[in-house]
Amino acid sequence: MRDLLCDMTKCLQVRGLQIRRNGRALLDVADLTLDGPGPTLLLGPNGAGKSLLLRCLHGLISPDQGRVIQDGAPLGPVHTARQAMVFQQPVLLRRSVSANLDFVLRRQKIARDARKTRIAELLTEGGLEDKARQSARSLSGGEAQRLAILRALATGPETLFLDEPTSALDPSATQMIERMIQRASTRGVRIVMVTHDIGQARRLAADIVMMQGGHVVEHGPAKQVLDAPESEASRRYLAGGLVT
Amino acid sequence: MQGLASEFSLAVALIFEGDSELWAIVLLSLKVSVFAVLISALIGMPVGAALAVARFPGRRSLIVLMNALMGFPPVVVGLLVYLMLSRSGPLGVLELLYTPTAMIIAQVVLVTPIVAALTRQVIEMLAEEYSEQLRSLGVSRLASVPVLLWDARLALVTALLAGFGRAIAEVGAVIIVGGNINHVTRVMTTTIALETSKGNLALALALGAILIGIAVVVNAMVSAASLRAEQEGLRHA
Ligand SMILES: Nc1ncnc2c1ncn2[C@@H]1O[C@H](COP(=O)(O)OP(=O)(O)OP(=O)(O)O)[C@@H](O)[C@H]1O
Ligand SMILES: [Mg+2]
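Given the structure is predicted, the values throughout are model-derived calculations rather than measurements. (Residues numbered from 1 in each chain as written. Chains lettered and ligands numbered in written order. Predicted model: local features only at pLDDT ≥ 70, side-chain atom pairs only at ≥ 80, totals over all residues. Heavy atoms only, no water.)

1. Let's talk about the overall build of chain B
Working step 1: A count of helices and strands for chain B gives 10 helices and 0 strands.
Working step 2: In sequence order, the secondary structure elements of chain B are arranged as α-α-α-α-α-α-α-α-α-α.
Working step 3: C-alpha atoms of chain B, sized along the principal axes, occupy 70 × 45 × 25 Å.
Working step 4: Burial analysis of chain B (237 residues in total) assigns 44% to the buried set.
Working step 5: A separation threshold of at least 6 residues defines the contact pool for chain B, and within that pool the share at least 24 residues apart is 74%.
Working step 6: Summed over its atoms, the accessible surface of chain B is roughly 12100 Å², and 71% of this surface lies on carbon and sulfur atoms. (Helix = DSSP H or I, 4+ residues; strand = E, 2+ residues; numbered from the N terminus. Buried < 20%, exposed > 50% of the residue type's maximum accessible area, 1.4 Å probe, protein only. Contact = heavy atoms within 4.5 Å. Areas by Shrake-Rupley, 256 points an atom, 1.4 Å probe, with all protein chains shown as cover.)

Here you go:
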């Protein structure tokens, strides 16, 4: 029934997904369906498999077993072309800040003048307008993270994966990024985001996926998962206790 | 001792009074080596980048071969190019032996492996760092090559300068294929070798000084370029 529903609506599904290395399953997700409007937030302790799951959903790793399904079809280049990802460690091109944005705009065959305008808009949105000509590699950690997010947005994605995008940001930059993410979500961009900041999850999430040891231990509406978690693992993670 | 001092002052005079023979030799040297490095760049950079990015059987052995070629004795390279270009050699009909073109060919053979090997190293490191990000942005393996080359530009300039340094200072190969003919194929290094053996120390000293000057400038440029490359590379590494 759920499969049928997903064929018609925008949704991202995972079926029997496994990633193994050296005989150990790093990721083992039997069934996960992201069909709500989002944003979806991924929570879980270090090494839970959050980044791996994002990579699978973005088609960067092909699973050893199982599959990722988007809008009813197996995930392929058509889908991944309309996705963007902000990595846990942003990789910026060895060019100026604005050239990093120009790089993705040029790939969309946007005319020169339009690109210039768009770059200025993006830089203002991310508070980097006075860094346009600076070498991207010389940005501070937080500035680099902001640029990585702006560049992902510049691709005009339908789905945006963010791997701890505010981990290096000060409170006001975090707020700025959260607003950007909310705006994108309102525009209809599907947001799937990893965070360790429970307050942030509360502010942004429509639904929350809780992971541990490569498994999805809980998936549900944000309020429910945060306030009345069903699984022991979620309870312990949220309480800040040790999850073993 | 007095003779040496007067040779010195003669050498200084040669340099600063714009001796036409001296400067013709310097100019030819620069021309030959600059040409050789440009051609080596056109061959070596794509080859190096392809070896860094493409995956095919025999790739490892090719890299080993390239690294081995990098340390090839110049005299032997000269000999091989000589055999190719000599009257009875496969390229004999072109009658290139004892021309500046022959010297360029020899230097290209010497410098291309250096450029290719350094390019491979630099691009492979960068490709590893960029790989997931570029795939995420939908850049194919092939399309990533120009991106990588551009982003590695500082390190690549360093590779070219290193190649130029080797080309301009080299004597064994160019003397064999160029023949050290006056006004035709005499470059700085071969002239120094000849004039020293003839006892004409002034010209040899003057050329030696200029050659050292060029080496110092090239090395300073290499340091500056690699320092900048490092500064850009180390942040967030
Ligand atoms: N290529 C690999 N080879 C072996 N193990 C790997 C590989 N990639 C990831 N892992 C392991 O898989 C597990 C999940 O990694 P992942 O990066 O998804 O964790 P995470 O949930 O994102 O953690 P964090 O909160 O620290 O970012 C980790 O234990 C990691 O060591
Ligand atoms: Mg992670």
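2. Points about the interface of chain A and chain B
Working step 1: The interface of chain A with chain B comprises 26 residues on the first partner and 19 residues on the second.
Working step 2: For the chain A and chain B pair, buried surface summed over both sides reaches about 2000 Å², with 47% attributable to carbon and sulfur atoms.
Working step 3: Among the residues of chain A in contact with chain B, Leu60, Arg94 and Arg137 of chain A are the three that bury the most area, contributing 36% of the side total.
Working step 4: Applying the counting criterion to the chain A and chain B interface returns 4 salt bridges.
Working step 5: At the junction of chain A with chain B, the criterion picks out 12 residue pairs in polar contact (both at pLDDT 80 or more).
Working step 6: Going through the elements one at a time, strand S6 (83–86), helix H4 (97–107) and helix H6 (141–154) of chain A are the ones with two or more residues in the side of chain A that touches chain B.
Working step 7: Here the residues of the side of chain A that touches chain B are counted per class, giving 12 nonpolar, 8 polar and 6 charged. (Buried area = accessible area lost by both parts, 1.4 Å probe. Salt bridge = Lys/Arg side-chain N within 4 Å of Asp/Glu carboxyl O. Polar contact = N/O pair within 3.5 Å; in protein donor to acceptor, adjacent residues only side chain to side chain. Nonpolar A, V, L, I, M, F, W, Y, C, P; charged D, E, K, R; others polar.)

3. Points about the nonpolar core
Working step 1: In terms of nonpolar packing, the biggest core is built from 89 residues, with Ile208 of chain A together with Met188 of chain B touching the most fellow members.
Working step 2: The greatest single-element share of this core, amounting to 10 residues, is contributed by helix H10 (residues 201–234) of chain B.
Working step 3: Counting residues domain by domain, this core receives three or more from each of domain 1 (2–92 + 139–238) and domain 2 (93–138) of chain A.
Working step 4: Residues Leu32, Ala48, Leu57 and Val68 of chain A belong to the second largest nonpolar core, which totals 24 residues. (Core = buried A, V, L, I, M, F, W, Y, C linked by side-chain atoms within 4.5 Å. Domains from an automatic or database assignment.)

4. Side note on the coordination of the magnesium ion (ligand 2)
Working step 1: On the protein side, the magnesium ion (ligand 2) has Ser51 of chain A (OG) and Gln88 of chain A (OE1) as donor atoms, found 1.9 to 2.2 Å from it. Placement of Ser51 of chain A in helix H2 (residues 50–57) and of Gln88 of chain A in the loop between S6 and H4 is noted, with a sequence separation of 37 residues between them. (Donors = N, O, S within 2.8 Å, 3.2 Å for Na, K, Ca; no water.)

5. A short note on the sheet that holds strand S4 (residues 65–70) of chain A
Residues and elements named next belong to chain A.
Working step 1: Taken together, 4 strands build an open sheet; the order of strands is S2-S1-S4-S5 and the sheet is antiparallel. Looking at which strands have only one partner, the edges of the open sheet turn out to be strand S2 (24–34) and strand S5 (73–74).
Working step 2: Two strands pair when backbone bridges link them, and strand S1 (residues 12–21) and S2 are joined in this way by 9 bridges, in the antiparallel orientation. In the sheet register, Arg15 faces S2, and the bridge partner there is Asp31.
Working step 3: Contacts between H2 and the sheet are confined to S1, S2 and S4, with S1 contributing the most and set at about 120° to the helix. (Pairing = 2+ DSSP bridges. Axes fitted to C-alpha atoms, helices over the stretch in contact; angles between N-to-C directions.)

6. Some words on the layout of surface pockets
Residue and element names in this part refer to chain B.
Working step 1: Size it by volume and the second largest pocket reaches roughly 340 Å³.
Working step 2: Together, 15 residues line the second largest pocket, and Val53, Ala127, Ser131, Arg135 and Arg141 are the ones closest to its centre.
Working step 3: At the level of elements, helix H2 (20–53), helix H5 (100–136) and helix H6 (141–151) are the ones that each hand at least two residues to the lining of the second largest pocket.
Working step 4: Residues that form the lining of the second largest pocket fall into these classes: 7 nonpolar, 3 polar and 5 charged. (1 Å grid on protein atoms, 1.4 Å probe; cavity = no way out; pocket = protein on both sides within 12 Å on 5 of 7 lines; lining within 4 Å. Points joined across faces, edges and corners; volume = space filled by probe spheres on them.)

7. Quick notes on the pattern of salt bridges
Residues and elements named next belong to chain A.
Working step 1: Across all of its chains, the model carries 22 salt bridges over all chains by this definition.
Working step 2: Taking the shortest distance from any N to any O, the salt bridge between Arg82 and Glu158 comes out at 3.9 Å. In this pair, Arg82 is assigned in the loop between helix H3 (77–80) and S6 and Glu158 in the loop between H6 and strand S7 (159–163), connecting sequence segments 76 residues apart.
Working step 3: Among the residues examined, Glu158 registers a relative accessible area of 34% and is labelled partly exposed.
Working step 4: The residue Arg115 makes a salt bridge to Asp102 at a minimum N-O spacing of 2.7 Å.

8. Re the domain arrangement of chain A
All names here are of chain A.
Working step 1: Taken domain by domain, chain A comprises domain 1 (2–92 + 139–238) and domain 2 (93–138).
Working step 2: Between the C-alpha centres of domain 1 and domain 2 the distance comes to 26 Å.
Working step 3: Taken together, the contacts link 15 residues of domain 1 with 21 residues of domain 2.
Working step 4: Together, the buried faces of domain 1 and domain 2 total about 1500 Å²; carbon and sulfur atoms form 63% of this surface.
Working step 5: The largest per-residue losses of area from domain 1 upon contact with domain 2 belong to Leu92, Leu139 and Leu150, which jointly make up 40% of the total buried on that side.

9. Section: unusual backbone geometry
Leaving glycine aside, a negative phi is the common case for residues, and trans is the common case for peptide bonds.
Working step 1: Although it is not a glycine, Lys109 of chain A adopts a positive phi angle of roughly 60°.
Working step 2: Looking at the secondary structure, you find Lys109 of chain A in the loop between H4 and helix H5 (112–125).

10. Topic: the site of ligand 1
Residue and element names in this part refer to chain A.
Working step 1: Lining the immediate surroundings of ligand 1 are 13 residues, of which Gly47, Lys50, Ser51, Leu52 and His196 lie closest.
Working step 2: Within the contact set of ligand 1, an oxygen atom lies 2.8 Å away from a side-chain nitrogen or oxygen of Lys50.
Working step 3: At 2.9 Å from an oxygen atom of ligand 1 is found a side-chain nitrogen or oxygen belonging to His196.
Working step 4: In the complex, the protein chains occlude 62% of the 640 Å² of accessible area that ligand 1 would expose alone.
Working step 5: For the shell around ligand 1, the element with the most residues is H2, which contributes 3 residues. (Near = heavy atom within 4 Å.)

11. Here's the deal with the pairing of S4 of chain A
Side-chain positions along a regular strand alternate between the two faces of the sheet.
Residues and elements named next belong to chain A.
Working step 1: In terms of strand pairing, S1 meets S4 through 5 bridges, oriented antiparallel. Bridging across to S4, Gln18 finds its partner in Gln65.
Working step 2: Where S4 meets S5, 2 bridges bridge the pair, whose relative direction is antiparallel. Across the sheet, Gln70 pairs through a bridge with Ala73, a residue of S5.

12. Examining empty space enclosed by the protein
Residues and elements named next belong to chain B.
Working step 1: Summed over the entire model, instances satisfying the criterion amount to 3 cavities of 30 Å³ or more.
Working step 2: Within this model, the largest cavity holds a volume of roughly 50 Å³.
Working step 3: If you list the elements that add at least two residues to the lining of the largest cavity, you get H2 and helix H7 (153–169).
Working step 4: Of the residues forming the lining of the largest cavity, the biggest block, 3 residues, is contributed by H2.
Working step 5: Residues of the lining of the largest cavity, tallied by class, amount to 5 nonpolar, 4 polar and 1 charged.

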